[in-house]
Amino acid sequence: MIDLRSDTVTKPSQAMRNAMANAEVGDDVYKEDPTANRLQKYCAELFGKEDALFVPSGVMGNQLCLNVLTQPGDEIICDKNAHIFQYESGSPAMLSGLSMNLLNSKSGVITPEQVEDVIHPASAYYMSRTKVMEVENTHNVAGGVVHPIKNIKALKVLADKHNLKMHLDGARLWNASVATGISLAEYSSYFDTISVCLSKGLGAPVGSIILGERGMIEEAFRVRKGWGGGMRQIGIIAAAGLYAIENNFNRLSKDHENAKNLANHLSQIEGIEIDVSQVETNILMFRPTTISVEDVIVKSKEKGLIISAMGVGIIRAVTHLDISSDDIERTKQIFTEVFNG
Ligand SMILES: Cc1ncc(COP(=O)(O)O)c(C=O)c1O
């Protein structure tokens, strides 16, 4: 099977498994796991932040950051399709008592004008307190689109003007950085907190990293424990994260090339609507116009290709570490057959 449902389906390579098997470990609840400590230090340096914390998932990473930036009753401003709102089980409300102010945006790129329009004045004690602006880069639902740095800078100016905090859901910031050549540290410099996933394009089996000022990360360490996320000999999985960053970061350009190649092919097939210019990284979205999404999924699966539906009438395909150029050639053939037969 060629599995293009997500970049989370990758399996650890033998070399990554070796790194895991040989990892030095200790009890991380005592902060004594040398491999986790090494990963956190390495990431803090890579992203130019004071401190970093290894957490079990991207959801926990985002929610810990939002928690340490806010008080219950505060409000977060973000795009209406942001992962923190759509796909995190209502946890801003469940875990931190937060409300969300959702903006309609093109490709997840909320503009300073839109944001400024909905900021509650500090004097309005009867309104929720606007506290955090959130950006997702790359944006999943928008199809892996990179948030333009110029817009991020403008959002930061606005955040400073209104005393708002900035959180970055950088589950796929690695992809944005490889696609644009803008360093992880440059992206990070505009945000108070950042969450990045090790278990997406980088191919680690588990884990995310959050980054920020030392005091915030110290508080996140405390809250992580309270949420049941204190782990013991996590060097076993932290080693996979280290291996992933060192070996699988720069190769993401290959996934982007594969996605573009596939998108160009799909744009030639009658019965498919796709905006190739939106395929900037490893995710591609398209709309079948002559057969239903369900039929495309079933027929593709019969031929050895798995893809998934995303929203109404849209199919998502994601390239990743376990997809080769040959897999892409075979995928092109399968789509041609599904739409022509
Ligand atoms: C943009 C984005 N943020 C956060 C997450 C959450 O990651 P996890 O599934 O590891 O909790 C995902 C997962 O798909 C994602 O796409």
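Residues numbered from 1 in each chain as written. Predicted model: local features only at pLDDT ≥ 70, side-chain atom pairs only at ≥ 80, totals over all residues. Heavy atoms only, no water.

Visitor: Can you explain the overall build of the chain? Please cite residues and give values.
Guide: In terms of helices and strands, the chain carries 14 helices and 13 strands. Relative to the globule expectation of 20 Å for 341 residues, the C-alpha radius of gyration of the chain, 20 Å, shows essentially globular dimensions. Projecting the C-alpha coordinates of the chain onto the three principal axes gives extents of approximately 60 × 55 × 35 Å. Taken over 341 residues, the chain has a buried fraction of 56%. Looking at the chain alone, contacts between residues at least 24 apart form 75% of all its contacts between residues at least 6 apart. Total accessible area on the chain is roughly 14400 Å²; 50% of this is exposed by carbon and sulfur atoms. Each charge class in the chain can be summarised by its mean position, and for the 33 positive and 41 negative side chains these summaries are 1 Å apart. (Helix = DSSP H or I, 4+ residues; strand = E, 2+ residues; numbered from the N terminus. Rg over C-alpha atoms; globule rule 2.2 N^0.38 Å. Buried < 20%, exposed > 50% of the residue type's maximum accessible area, 1.4 Å probe, protein only. Contact = heavy atoms within 4.5 Å. Areas by Shrake-Rupley, 256 points an atom, 1.4 Å probe, with all protein chains shown as cover. Lys, Arg positive; Asp, Glu negative; His and termini not counted. Charge placed at Lys NZ, Arg CZ, Asp CG, Glu CD.)

Visitor: If you had to explain the site of the ligand to someone new, which residues and values would you point to?
Guide: In the vicinity of the ligand there are 13 residues, among which Gly58, Val59, Asp169, Arg172 and Lys200 approach most closely. At 3.0 Å, a backbone N or O of Gly58 approaches an oxygen atom of the ligand. Within the contact set of the ligand, an oxygen atom lies 3.1 Å away from a side-chain nitrogen or oxygen of Asn140. Contact with the protein chains removes 82% of the 390 Å² of surface that the ligand exposes when unbound. The dominant element in the shell around the ligand, judged by the number of residues it contributes, is helix H3 (residues 58–69), at three residues. Partitioned by chemical class, the residues of the shell around the ligand number three nonpolar, five polar and five charged. (Near = heavy atom within 4 Å. Polar contact = N/O pair within 3.5 Å; in protein donor to acceptor, adjacent residues only side chain to side chain. Nonpolar A, V, L, I, M, F, W, Y, C, P; charged D, E, K, R; others polar.)

Visitor: A description of the sheet that holds strand E9 (residues 272–273) should follow, citing residues and the corresponding values.
Guide: Across a sheet, paired strands are connected by hydrogen bonds in the backbone, their directions being either parallel or antiparallel. Taken in spatial order, the four strands of this open sheet run E9-E10-E13-E12, and their pairing is antiparallel. One side of each edge strand has no neighbouring strand; the edge strands of this open sheet are E9 and strand E12 (308–309). As paired strands, strand E10 (residues 283–288) and strand E13 (residues 315–318) are joined by four bridges and run antiparallel to one another. By the bridge assignment for E13, Phe286 is matched with Ile315. (Pairing = 2+ DSSP bridges.)

Visitor: Residue-level account of the nonpolar core, with values.
Guide: A general tendency of soluble globular proteins is for nonpolar side chains to be buried together. Counting 50 residues, the largest nonpolar core has Leu39, Val115, Met133, Trp174, Leu198 and Ile209 as its most contacted members. In terms of residues, this core owes the most to one element, helix H11 (residues 235–248), which gives six residues. Once you skip the residues sitting within four places of it in the chain, Val115 turns out to touch Ile77, Leu103, Ile110, Met133, Leu155 and Leu158. (Core = buried A, V, L, I, M, F, W, Y, C linked by side-chain atoms within 4.5 Å.)

Visitor: Give me helix H7 (residues 149–162): which residues, what numbers.
Guide: Spanning 14 residues, H7 covers 20 Å between terminal C-alpha atoms, matching the ideal 20 Å at 1.5 Å per step. Where H7 is buried, its residues touch helix H6 (112–118), strand E5 (129–136), strand E6 (165–170) and helix H9 (184–188). After H7 finishes, the residue Asn163 shows a positive phi value of roughly 60°. (Expected span 1.5 Å × (residues − 1).)

Visitor: Please provide a residue-by-residue account of the environment of Ser324, values included.
Guide: Note on placement: Ser324 falls in the loop between E13 and helix H14 (325–340). Along the sequence, Ser324 and Asn258 sit 66 residues apart, while their C-alpha atoms lie 8.1 Å from each other.

Geometric values such as these leave the question of function open.
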